[in-house]
Amino acid sequence: GNRLKRLPERLGDASLLAEVWAGGNLLDCLPASVGLLSGLHTLGLSSNRLASLPDGLCDCAALVHLLLDDNQLASLPARLHALAACEELGLSANRLEEAPPALPPRLRCLRLNSNRLTRAPRWPHSPAELWLHDNPCERGGEGEGGRGRASGRASV
C-alpha cells in the first residue's frame, strides 16, 4: 500500500476505469462519485479502514469483483443485491453482525468469515463458494452452526 488516506473526490470522472486496486492503505471512506464508474469491473479495497460504503457503489453495473476483506465494515448498502454482474464479494474480517439480506444474482463466491455473524445466513440460493468460519454462529448461535446452505465448496 501507499498509505493513501483518501481516493480523489473526482474518481467518478474516470468513467472508463475498469480496475481500482487500493488495498493495504489507510482509506476510511470512498468518494460518492465511485458510483459513476460505469465500466468498473474490479474494485480491490481490502486491508483498509473502511467503516461504511456509499450507496452509489451499488450503481456500478459492470462490477464483477468487489474485494472489501479486512476493513471495519459494520453494515452494507441496502442495495448491494443490485450489483447484477457481481460474481465475487469479499467481506471477511470486518465487523458485520448480519449477512446481507439479499445477494447479487450472479454471485459465485462470498467470503463472510471472521466477522461477528450470530446467525447463519439464509437465502433462497447460496453462492457456490461460501465462507462462514470464525463467526459466533459457529460457536452455538442460531442457525446451522455456521455452515449455511452452500452448494459446491464451502469453507466453514
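Scope of this entry: the structure provided in the associated data block. Just so it is clear, the model here is predicted, and its values are computed rather than measured.

So, on to the overall build of the protein chain. Looking only at helices and strands, the protein chain has 0 helices and 7 strands in total. Helices (α) and strands (β) of the protein chain occur, in sequence order from the N terminus, as β-β-β-β-β-β-β. Expressed as a percentage of its 156 residues, the buried residues of the protein chain come to 46%. The contacts of the protein chain with a sequence gap of at least 6 include a subset with a gap of at least 24, amounting to 19%. When the accessible surface of the protein chain is split by element, carbon and sulfur atoms take 49% of a total near 7,700 Å².

Turning our attention to the pattern of salt bridges. All told, the structure shown has 7 salt bridges when counted by the stated rule. Between Arg79 and Asp59 there is a salt bridge whose closest N-O contact spans 2.8 Å. Of this pair, Arg79 sits in the loop between strand 3 (65-67) and strand 4 (88-90) while Asp59 is found in the loop between strand 2 (42-44) and strand 3, placing the two residues 20 residues apart along the sequence. Put simply, Asp69 and Arg111 hold a salt bridge, and the shortest N to O gap is 2.9 Å. You can see Asp69 sitting in the loop between strand 3 and strand 4 and its partner Arg111 sitting in strand 5 (residues 109-111), a full 42 residues away along the chain. Neither Asp69 nor Arg111 differs from the other in exposure class; each is buried.

This part covers the environment of Glu97. Note that Glu97 resides in the loop between strand 4 and strand 5. In this structure the C-alpha to C-alpha distance between Glu97 and Thr118, which are 21 residues apart in sequence, comes to 6.3 Å. Discounting residues that sit within four places of it in the chain, Glu97 has contacts with Arg116, Leu117 and Thr118.

The next subject is the packing of aromatic side chains. According to the stated counting rule, one finds 0 aromatic pairs in the structure shown. Above the ring of Trp131, the side-chain terminus of Arg111 is found at 5.9 Å from the ring centroid.

Okay, unusual backbone geometry next. Phi at Arg3 is positive, roughly 65°, even though this residue is not glycine. Relative to the helices and strands, Arg3 is located in the segment before strand 1 (19-21). Even without being glycine, Asp134 reaches a positive phi, approximately 60°. Inspection of the secondary structure assignment puts Asp134 in the loop between strand 6 (129-131) and strand 7 (154-155).

Reported here for the largest pocket is a volume of approximately 330 Å³. Split into classes, the residues belonging to the lining of the largest pocket amount to 14 nonpolar, 3 polar and 4 charged.

By size, the foremost hydrophobic cluster in this structure holds 35 residues, and its most contacted members are Leu43, Leu45, Leu66, Leu110 and Leu112. Among residues more than four places away in sequence, those in contact with Leu112 are Leu91, Ser92, Leu96, Ala99, Pro100, Leu117, Trp123, Trp131, Leu132 and Asn135.

Reading guide: rules and limits
Residues numbered from 1 in each chain as written. Predicted model: local features only at pLDDT ≥ 70, side-chain atom pairs only at ≥ 80, totals over all residues. Heavy atoms only, no water. Helix = DSSP H or I, 4+ residues; strand = E, 2+ residues; numbered from the N terminus. Buried < 20%, exposed > 50% of the residue type's maximum accessible area, 1.4 Å probe, protein only. Contact = heavy atoms within 4.5 Å. Areas by Shrake-Rupley, 256 points an atom, 1.4 Å probe, with all protein chains shown as cover. Salt bridge = Lys/Arg side-chain N within 4 Å of Asp/Glu carboxyl O. Phe/Tyr/Trp six-rings, centres within 6.5 Å; stacked < 30°, edge-to-face > 60°. Lys NZ or Arg CZ within 6 Å of the ring centre and 35° of its normal. 1 Å grid on protein atoms, 1.4 Å probe; cavity = no way out; pocket = protein on both sides within 12 Å on 5 of 7 lines; lining within 4 Å. Points joined across faces, edges and corners; volume = space filled by probe spheres on them. Nonpolar A, V, L, I, M, F, W, Y, C, P; charged D, E, K, R; others polar. Core = buried A, V, L, I, M, F, W, Y, C linked by side-chain atoms within 4.5 Å.

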